[in-house]
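Descriptive analysis of the structure
The lines below spell out each chain.
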Amino acid sequence: MLLQVPRGTKDILPEETPVWQEVESKARRIFSLYNYAEIRTPVFENVTLFKRALGDVTDIVQKQMFVFKQGDDHFVLRPEATASIARAYLENNLGFGVKLRKLFYIGPMFRAERPQKGRLRQFHHIGVEAIGLTNPNLDIEVIELADKLLREFGISNYKFVINSLGCVKDKAKFADLLKQALAKHKKVLCKDCQKRITKNVFRVLDCKNEKCKEITHSLKIGQSYLCGDCKSHFDKVLKGLDKFGIKYEVKEQLVRGLDYYSGVVFEVVHPDLGAQDALGAGGRYDYLFKELANKEIGAVGFAFGEERLMLALPKKESSKKLNVYVMSLGDKAADKSLELVKNLRSAGVSCDFDYSDGSLKSKLNEANKLGARFAIIIGDDEINKGKLVVKFMQEGKQEEVEFVNAVGFIKNILKE
Ligand SMILES: [Zn+2]
Ligand SMILES: [Zn+2]
C-alpha cells in the first residue's frame with residue numbers, strides 16, 4: 001500500500017508555497033511597520049499550560065488536544081499560540097522595562113478533531129499579541145492592523161463582528177443571564193449543553209448542534225451586564241473603528257471558544273468560508289496572566305488561519321518564474337555551460353541547467369514546462385566561435401551573444 005499523509009494533514013506543494021511565502025512576507029513587513037517583533041515558541045508545551053489557560057471545559061481541552069507522554073511528563077502539541085506566548089512572556093520577563101510588548105508569530109497549530117471540510121489537524125496561524133496595557137486605543141490598533149493585513153493580501157468582502165464580555169464581574173453577570181435564559185430551554189438542548197449550563201455556560205454558545213444553535217440565536221441577552229467602565233471602553237473601540245472606516249457588526253453572544261477572553265472580542269467573517277468559520281479572531285485576555293501567574297497584565301491579540309486566508313485570496317498566477325534555463329550539446333559545451341550557470345547565479349539571475357542526456361528538442365521542452373524566460377543553448381560549435389544562443393521562450397526569437405557578454409545581456413533585458 002502506498003504511504004499516505006496522516007488524515008487531517010496536508011502537504012503544501014511547490015505550486016502552492018509561493019502564495020504562502022507572499023502572505024507571510026507581507027505580514028512580516030506590516031508587523032514591523034506596527035513595531036511587532038517575532039517570537040518562536042516550541043510546538044509542544046506542558047499539558048497544564050493549556051488546561052489552565054484555555055479552561056477545563058472548553059472543547060479544545062476536552063476533545064481536541066494531541067497529548068503525548070514522554071517518561072513521566074505529559075505534553076501537548078499546541079492547539080493555539082496565545083497561551084504559549086503568555087507563558088514565554090512571563091518566563092522570560094519580557095515585560096521588564098517596557099510598558100508594552102508587541103509580538104507576532106507564524107506557525108503550525110494542532111487539534112485532534114475529527115477531520116472534516118475546512119478543518120485540519122495541523123493548520124497554520126499568523127497572529128499578534130500586544131501585552132502590557134488595557135487602553136482601548138490598543139484594541140483599535142490591533143483591529144486596524146488585522147484590517148490592514150487583509151487589505152494588503154487583496155482580500156475583500158470580509159466583516160468584523162464584535163462584542164464585549166466585560167470584566168470578570170460583568171462576565172459572571174453575563175453567565176448568570178445566560179443560565180437563566182437557557183434554563184427555560186434545557187430539555188431541548190443536547191446532553192453536552194445540559195451539562196455546560198452549570199459547568200461553563202458560555203460553551204453552550206459554541207455548540208455545533210442545530211437545535212442548540214437555534215436556541216442560542218434566539219436569545220436576547222443584550223449588554224446590560226457591562227459595568228460603566230467596560231461599556232465606555234467598548235464604546236471607545238467602536239468609535240475608533242468608525243473613524244478608521246472599518247466595517248463591523250456588534251453581535252451579542254459572540255464569546256469566542258476559549259475561557260481566557262474578557263472585554264472586547266471579535267471575529268472576521270468572509271462569505272467564501274461558510275457560516276461557521278471565521279478567517280480569524282481575537283480579543284482581550286486581561287485575566288489570562290492572573291490565571292497563569294496571579295498578575296494583572298492587560299493584553300489583546302488576534303490570529304488568522306492561514307489555510308482560510310488561502311481560500312479567501314484572489315486567484316492569480318504566481319510571479320515567481322525561472323529566468324534562465326541553460327542547455328549544452330557536447331562535453332566541451334557542458335563545462336562552459338556550468339561556468340555560465342555559476343556566473344548568472346552570482347549576478348542574481350535565477351538559473352538552472354539541463355543535466356539530462358536528451359535531445360535539444362526535449363531540453364527546450366523542459367525549459368517551456370519550467371516557464372523559463374530564456375533558454376541558453378551552448379554547443380561545441382558555439383564554443384569554437386566564443387558565442388552562445390539566447391532563445392526568448394515567449395517571443396520565439398533568438399539571438400547570438402558573445403559568451404563573455406552573456407550575463408550582462410540577460411541582466412539588461414531583465415531590468416527592462
Ligand atoms: Zn466591567
Ligand atoms: Zn449543544
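Residues numbered from 1 in each chain as written. Chains lettered and ligands numbered in written order. Predicted model: local features only at pLDDT ≥ 70, side-chain atom pairs only at ≥ 80, totals over all residues.

**Topic: the sheet that holds strand β3 (residues 66-70)**
Read from one edge of the open sheet, three strands run β2-β4-β3, paired in antiparallel fashion. Each end of this open sheet is capped by a strand with a single partner; those strands are β2 (44-46) and β3. On average, each strand axis in the sheet is tilted by 35 degrees relative to the strand beside it, whichever way the strands run. Both β2 and strand β4 (residues 73-77) contribute to a ladder of three bridges, which runs antiparallel. Looking at β4, one finds that asparagine 46 is bridged to phenylalanine 75. (Pairing = 2+ DSSP bridges. Helix = DSSP H or I, 4+ residues; strand = E, 2+ residues; numbered from the N terminus. Axes fitted to C-alpha atoms, helices over the stretch in contact; angles between N-to-C directions.)

**Thoughts on helix α6 (residues 168-183)**
Spanning 16 residues, α6 covers 22 Å between terminal C-alpha atoms, matching the ideal 22 Å at 1.5 Å per step. Every buried residue belonging to α6 is among Asp170, Lys171, Phe174, Leu178 and Leu182, and all of these are buried. What you see down the axis of α6 is that its buried residues fit within an arc of 105 degrees, all on one side. Exposed residues on α6 whose side chains face more than 90 degrees from its buried face are Lys169, Ala172, Asp176, Gln180 and Ala183. Contacts from the buried residues of α6 go to α7 (191-199), α9 (228-243) and β9 (262-269). (Expected span 1.5 Å × (residues − 1). Buried ≥ 20, exposed ≤ 12 C-beta atoms within 10 Å, placed from the backbone. Arc of directions from axis to C-beta. Contact = placed C-beta atoms within 7 Å.)

**Considerations on the sheet that holds strand β12 (residues 324-329)**
The strand order β13-β12-β14-β15-β16 describes an open sheet built from five strands, whose pairing is mixed. Sheet topology places β13 (351-353) and β16 (398-402) at the edges, where each strand pairs with a single neighbour. Averaged over all pairs of adjacent strands, the angle between strand axes in this sheet comes to 25 degrees, irrespective of strand direction. Of the pairings in the sheet, the one linking β12 to strand β14 (residues 374-379) comprises six bridges and is parallel in character. Across the sheet, the residue bridging to leucine 329 is glycine 379, located in β14.

**A word on the packing of helix α1 (residues 17-33) against helix α5 (residues 136-153)**
Contact geometry of α1 with α5 gives a least axis separation of 10 Å together with a crossing angle of 140 degrees. What the angle tells us is that α1 and α5 run oblique. Judged by the twist between their axes, the crossing of α1 over α5 is right-handed. Contact residues: α1 offers Val23, Lys26, Ala27 and Ile30, while α5 offers Lys148, Leu149, Glu152 and Phe153. The class makeup of the residues in the contact of α1 with α5 is five nonpolar, no polar and three charged. (Parallel < 35°, antiparallel > 145°, perpendicular 65-115°, else oblique. Left-handed = near helix turned anticlockwise from the far one by under 90°. Nonpolar A, V, L, I, M, F, W, Y, C, P; charged D, E, K, R; others polar.)

**A closer look at the nonpolar core**
One broad rule of soluble globular proteins: the nonpolar side chains tend to lie buried together. One finds Ala53, Ala86, Val128, Val142, Ala146, Tyr260 and Leu288 to be the most contacted residues of the largest nonpolar core, which totals 81 residues. Top element by residues in this core is α5. It accounts for eight residues. Two domains each provide a minimum of three residues to this core, namely domain 1 (17-167 + 227-312) and domain 2 (172-216). Once you skip the residues sitting within four places of it in the chain, alanine 146 turns out to touch Val268, Gly280, Gly282 and Phe302. With 18 residues, the next largest nonpolar core counts Leu340, Ile378, Leu388 and Ala406 among its residues. (Core = buried A, V, L, I, M, F, W, Y, C linked by C-beta atoms within 7 Å. Domains from an automatic or database assignment.)

**What about the packing of helix α2 (residues 47-54) against helix α4 (residues 82-91)?**
The packing of two helices is summarised by the inter-axis angle and the distance between the axes. The interhelical angle for the contact between α2 and α4, taken along N-to-C directions, is 105 degrees, at an axis separation of 10 Å. Taken together, the axes of α2 and α4 lie roughly perpendicular to each other. Residues Leu49, Phe50, Ala53 and Leu54 of α2 pack against Ala83, Ala86 and Arg87 of α4. Split into classes, the residues belonging to the contact of α2 with α4 amount to six nonpolar, no polar and one charged.

**Some details on the environment of alanine 347**
Secondary-structure assignment places alanine 347 in the loop between α12 (331-346) and β13. Remark: the alpha-carbon pair of alanine 347 and phenylalanine 68, spanning 279 residues in sequence, is separated by 49 Å. What alanine 347 contacts, discounting residues up to four positions off in sequence, is Val407 and Lys411.

**Observations concerning the pairing of strand β10 (residues 278-284)**
The element β10 is extensively covered by neighbouring structure, given that six of its seven residues are classed as buried. Judged from the six bridges that link them, β9 and β10 form a sheet pairing that is antiparallel. Residue valine 269 lies in a different strand from β10, and its bridge partner there is alanine 278. Bridge count between β10 and strand β11 (residues 299-305): five bridges; the pairing is antiparallel. Bridged to glycine 283 within β11 is glycine 301.

**A short note on the environment of alanine 86**
Turning to its location among the elements, alanine 86 is positioned in helix α4. Along the backbone, alanine 86 and methionine 327 are 241 residues apart, and their C-alpha atoms lie at a distance of 55 Å. Other than its neighbours up to four places away in sequence, alanine 86 contacts Ala53, Leu288, Phe289 and Leu292.

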